[in-house]
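A structural walkthrough
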Amino acid sequence: MIKGSIPALVTPFKDGALDLDTLKKLVDWQIAEGSSALVPVGTTGESPTLTHEEHRTVVAKVVEYAAGRVPVIAGAGSNSTVEGIGLIRFAQEAGADAALVVTPYYNKPTQAGLIAHYRALHDASDLPIIIYNIPGRSVVDMSPDTMGELAKLPRIVGVKDATGKLERVSQQRITCGPDFVQLSGEDATALGFNAHGGVGCISVTANVAPRLCAEFQAATLAGDYAKALEYQDRLMPLHEAIFLEPGLAGAKYALSRLGRCEEEVRLPLVGVSDGVKARIDAAMRHAGLLN
């Protein structure tokens, strides 16, 4: 079962191009620090501004670099079902272990449209699918009842839930069953999410603090919430600071402070402002990541 701390990997750039050498180093570091799976080309990986060729390259390279040490959950979401089918088929060909599929953004499909979209992707490949429900960005919110219908399909295995509604975990346990893999998509509420029955987090902060996030998740999965709360207290300022401006830009700045990645992002995103940099620096010191 997919569980624990799962970084939604940033995609490193150098002079506008993919920086594959840095990507390999990030993959090796994440695995060494205890991350339990990897998500390339999610939205944190700047998938909206990658070309299709770059998207495929990043998926293939992360699979290659991970070399079976941890599962690779390839981002394969699109607001075009046909495009999504192409992405999930490539992910399977590249050797990914599962696919992360976001609810179609902008189109604002009905619940029936969501079912049809996910069923089409399900039937197009043999990969397990994790639904990514993030109504704040995609506008549409998949209901627990709709998720329950999709959970009847053999390869719809879980959800990355970024609704921020902790009661959803319990509601989805009822509609999808207790074995449905529920992963938080929101770092700051991951503690409560797991207390409700979640089993991990697809995390932005884990890009920056992989060991702390892995140990935090391990504590919750062991039922040691007192220990988990200690980690939460260390990590909470970092969760907040990274997201003061777009989270991937905050994560790349923090990684640059650790000497692991350039700050470079693609337009229309820009690097974080000086005030946010100061907040991230302070949060990293609070977490023990900087002196």
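Details of the structure are given in the entry above.
Counted residue by residue, strand E7 (residues 156-161) has 5 buried out of 6 residues, so it is predominantly covered. Taken together, the 5 bridges between strand E6 (residues 129-133) and E7 define a ladder with parallel strand orientation. Paired with Ile131 across the two strands is Val159, which belongs to E7. Alignment of E7 against strand E8 (residues 181-184), held across 4 bridges, turns out to be parallel.

Taken as a whole and judged by the stated rule, the model has 0 disulfides. Looking at the unpaired Cys176, the closest cysteine sulfur is the one in Cys201, lying at 18 Å. Judged by its relative accessible area of 15%, Cys176 falls in the buried class. Cys261 takes part in no disulfide bond, and the closest cysteine sulfur, belonging to Cys213, lies 17 Å away.

Topologically, Gln30 is positioned in helix H1 (residues 20-32). Side-chain polar atoms of Gln30 contact the backbone oxygen of Ala206, separated by 3.0 Å. In contact with Gln30, other than residues within four places in its own chain, are Pro7, Leu9, Ser35, Leu38, Ala206, Asn207 and Pro210.

Criteria and thresholds
Residues numbered from 1 in each chain as written. Predicted model: local features only at pLDDT ≥ 70, side-chain atom pairs only at ≥ 80, totals over all residues. Heavy atoms only, no water. Buried < 20%, exposed > 50% of the residue type's maximum accessible area, 1.4 Å probe, protein only. Helix = DSSP H or I, 4+ residues; strand = E, 2+ residues; numbered from the N terminus. Pairing = 2+ DSSP bridges. Disulfide = S-S within 2.5 Å. Polar contact = N/O pair within 3.5 Å; in protein donor to acceptor, adjacent residues only side chain to side chain. Contact = heavy atoms within 4.5 Å.

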